[in-house]
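Chain by chain, the residues:
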Amino acid sequence: MGVNPKEKPLSTKGKDGRRKKKVELVDESIQGTNDSSIASKRSVETLYRRKGSTEPEFFKFFVPKKQRRSPNINRGYWTRVEAMTRSINNFAGTKFNGPKVVVNLGCGFDPYAFQHVYRYPNTDLVFVDVDYPDLMKRKLRIVENYPELANLIGERYRTDPSKQEILLHSRNYIALSCDLRKLERFSEVLKSIFPFGSSTFLFTAEVSLTYMVQKSADALIAWAGTLPNVRFALLEQIIPATENHPFARRMLNHFRSYGSPLNSVELYPRLEDQIARFKTRGWKKIHARDLTQFWSKEVTSEQKAFVSSVEDFDEWEEFIIFGQHYFILDAINEKYSSNEPHDDGKTSLNVDRANYVVDQTQLGFEDFNRKFSSGCLYNDHTMMVHGGMGDFRKDSCVFLSTEDNGAEISGKVPARMCHTATRLATGEILLVGGRTGPSKPLSDCWILRNFIWERVQDLPEPRYRHTAAALPNGDALIYGGKTTTATSPWLVWNKERGWEDINCGQLSCRLSAAFNWNQDSNTGILVGGMEADGTIKNDAFKVTFDLETRKLNVEKLFSSPLLARLGAKGLFLNDEVFLIAGGVSDDKLYDANNQLVELHFNSDVDIREVPIPQPMLLAGFNMDLIAENQLIFYGGGAVCYSFGSHWNGVWLLTFNNPNIHHALSKSLTKTSQY
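None of these values were measured; they are calculated from a predicted model.

Caption draft 1: Geometry of the overall build of the protein chain. Looking only at helices and strands, the protein chain features 14 helices and 35 strands. Restricting the contact set of the protein chain to residue pairs at least 6 apart, pairs at least 24 apart contribute 64%. Here the protein chain displays about 27,700 Å² of accessible surface, and carbon together with sulfur accounts for 48% of that area.

Caption draft 2: The nonpolar core, seen in detail. Core analysis: the largest hydrophobic core is formed by 92 residues, its most contacted members being Phe-62, Tyr-173, Tyr-326, Val-527 and Leu-599. Here the element with the most residues in this core is helix α2 (residues 71–92); it accounts for eight residues. The next biggest cluster of nonpolar side chains, apart from the first, holds 42 residues, and it includes Phe-201, Ile-238, Leu-271 and Ala-331.

Caption draft 3: Looking closely at the confidence of the model for the protein chain. Averaged over every residue, the pLDDT of the protein chain is 89; residues scoring 70 or more account for 89%. The model gives residues 4–13 a pLDDT under 50, and that stretch makes 25 contacts with residues more than four places away or in other chains. Confidence over residues 661–674 falls short of pLDDT 50; this stretch has 32 contacts with residues more than four positions distant or in other chains.

Caption draft 4: Looking closely at the pairing of strand β11 (residues 374–379). For β11, the buried fraction is high: five of the six residues fall into the buried class. Examined bridge by bridge, β11 and strand β12 (residues 382–386) share five bridges and lie antiparallel to one another. The residue of β12 that forms the bridge with Gly-375 is Val-385. The turn joining β11 and β12, which pair antiparallel and follow one another in sequence, is formed by two residues.

Caption draft 5: View of the packing of helix α6 (residues 183–193) against helix α7 (residues 214–225). One way to put it is that α6 packs onto α7 with a least axis distance of 11 Å and a crossing angle of 35°. For the pair α6 and α7, the sense of crossing is right-handed. Listed contacts from α7 to Leu-183, Phe-186, Ser-187 and Leu-190 of α6 are Ala-219, Leu-220 and Trp-223.

The rules behind each value
Sequence order as written defines the numbering, with residues in each chain counted from 1. Restriction of local features to residues with pLDDT of at least 70 applies here, the model being predicted, together with a cutoff of 80 or more for giving and counting side-chain atom pairs; totals for whole chains, interfaces and linings are based on all residues. As a rule here, side-chain values come from all non-hydrogen atoms in the structure, and water together with hydrogens is ignored. The helix count covers DSSP runs of H or I at least four residues long, the strand count covers runs of E at least two residues long, and both are numbered beginning at the N terminus. It only takes one pair of heavy atoms within 4.5 Å for two residues to be counted as in contact. All accessible areas in this document rest on Shrake-Rupley with a 1.4 Å probe, and a residue is counted as covered only by the protein chains that are shown. Note on terminology: a nonpolar core comprises buried Ala, Val, Leu, Ile, Met, Phe, Trp, Tyr and Cys residues joined through side-chain atoms within 4.5 Å. Relative accessibility thresholds used throughout: buried, under 20% of the residue-type maximum; exposed, over 50%; partly exposed, between the two (1.4 Å probe, protein chains only). A residue's pLDDT is the predictor's confidence in that residue, given on a scale from 0 to 100. We treat two strands as partners when DSSP finds at least two bridges between them. Axis lines are fitted through C-alpha atoms, for helices just across the contact stretch, and the angle between N-to-C directions can take any value from 0 to 180 degrees. Helix crossings get a hand from a simple test, with the near helix turned counterclockwise from the far one by less than a right angle marking a left-handed crossing and a clockwise turn marking a right-handed one.

The following block contains the structure:
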């Protein structure tokens with residue numbers, strides 16, 4: 001009677017053997033999306049219950065057989081549910097003398113009505129669930145079979161025989177089987193229950209209107225905006241970096257493959273487009289934000305701490321990218337005043353563009369599926385890559401070559417991810433820390449020389465998501481990372497002395513900052529990273545280290561929204577230009593125009609975007625210089641929510657800029673000696 005949590009291709013034939021019409025298949029495909037969504041919400045409900053809670057598990061009634069989803073999917077659905085619940089609760093808190101009605105358009109098996117009535121027995125809200133007739137009948141059979149649900153909705157009222165769409169009518173709950181494409185009839189049925197002039201409405205639509213033909217969906221939004229006192233809460237997908245972004249491609253292909261394409265993103269791909277959609281249809285106050293912004297700015301610290309306590313989690317890049325492809329929009333048309341926030345869309349950031357062209361080529365290595373590995377140059381044309389996550393955590397060491405097929409060797413360094421591999425001034429490679437699971441950090445360190453790994457001094461404490469740079473004297477400087485016992489975010493490693501804490505009070509211990517060192521000037525640049533509270537920082541620092549006195553100095557250069565990056569990589573193009581690539585921001589999704597940016601230090605520090613032909617999924621990746629004007633990006637990727645994985649592979653970028661030609665040549669000459 002409940003749902004099957006696994007999506008299955010639909011049959012093209014009906015029970016009578018008749019071949020189904022196209023519209024029937026589309027409608028059935030749309031209804032099928034309910035099963036997958038509700039099963040994921042069931043996973044969240046099971047794991048994220050507060051200790052001691054006596055509240056029934058409402059999703060259990062509709063999904064008796066629970067399935068545990070991945071931590072990223074769980075956190076994503078928790079955020080979805082919280083965003084929509086927040087809109088409902090805000091509406092519940094408004095003062096109005098007449099009926100207050102929540103109309104859930106395309107409700108599926110969502111139990112928002114039952115949850116709210118249980119939590120607030122004296123609520124003055126009336127919930128109206130609207131969906132396809134077959135789905136609503138299935139839902140009501142489940143409701144009637146479970147006293148925990150049936151008793152909540154209270155006494156049933158007699159319905160008007162001429163309004164067959166009203167399947168159930170009680171004090172707090174109404175079930176309608178309406179085709180929302182037939183707007184006039186839907187309006188007639190709803191008005192027969194609630195006079196429009198004396199009622200206030202909240203229409204909610206959680207990933208439902210996007211499946212409709214957008215002419216019908218837009219007409220519904222416009223009609224709702226004509227009611228005297230009305231709100232709208234819309235949660236669905238966007239593609240802010242176009243369909244070319246790897247996550248967007250995975251998401252769109254997923255829904256297309258099940259016969260339920262996301263129609264809205266074709267007309268309204270960006271958040272600004274959704275705001276304009278409502279504004280041009282008569283809505284006065286509109287507040288829209290993607291789910292990453294909602295998580296970052298509206299989920300409370302207490303809620304974030306609770307969510308973090310439930311299960312191990314370190315899929316930050318994947319969670320952030322997911323959230324940037326979903327949004328929650330609240331629109332308001334009300335006679336009485338409201339203090340709800342509203343906006344007119346995001347304004348573009350005015351920054352310079354690089355005045356040269358970048359050529360982009362994807363190389364072979366089709367089977368190179370690794371993210372959060374550690375890598376660095378081994379020689380002029382070969383990169384050493386260790387560990388990382390593919391289908392499983394890896395312990396092998398891969399040598400990728402632009403001149404031959406490379407090689408893979410297994411070694412005695414245990415499997416890990418989120419570690420660093422740094423080519424020292426001596427030509428040796430230092431591997432530091434990392435983790436297996438998010439709560440299982442590692443402290444062991446290794447040196448690679450002549451294709452043989454040798455263990456060296458352990459870190460003073462385990463850490464991962466740190467960053468490292470080679471110093472001119474053969475030492476290594478480590479910054480940041482996830483650690484619980486470190487007294488300082490800075491460590492220096494020396495071959496004889498081992499590890500040494502370097503006290504410097506300017507910075508806390510950030511995760512996955514971009515960090516690189518200029519050997520000639522003995523100066524480093526550090527950008528971004530994530531604080532322990534989840535804040536992604538948007539600043540850049542100049543770092544100096546006196547090799548004799550062992551004194552470290554950190555000087556803030558400037559801040560910019562384009563520097564807000566977790567998991568970016570950085571390197572010097574010359575003494576005056578620092579390139580930053582990839583990473584994720586909790587404010588915007590980086591696209592082909594700004595995945596790469598340059599910091600210029602010649603006089604006043606400024607920032608310039610470096611457009612590339614197509615975006616890459618630069619999470620958990622590595623980057624190096626391999627020729628006079630070429631960068632190689634290798635590894636990285638993400639599990640794109642529930643839509644499948646994307647692997648970044650290996651990309652070669654050629655900078656057609658004569659100003660950096662000599663600088664890259666000089667850098668390679670210094671670092672390629674072994």
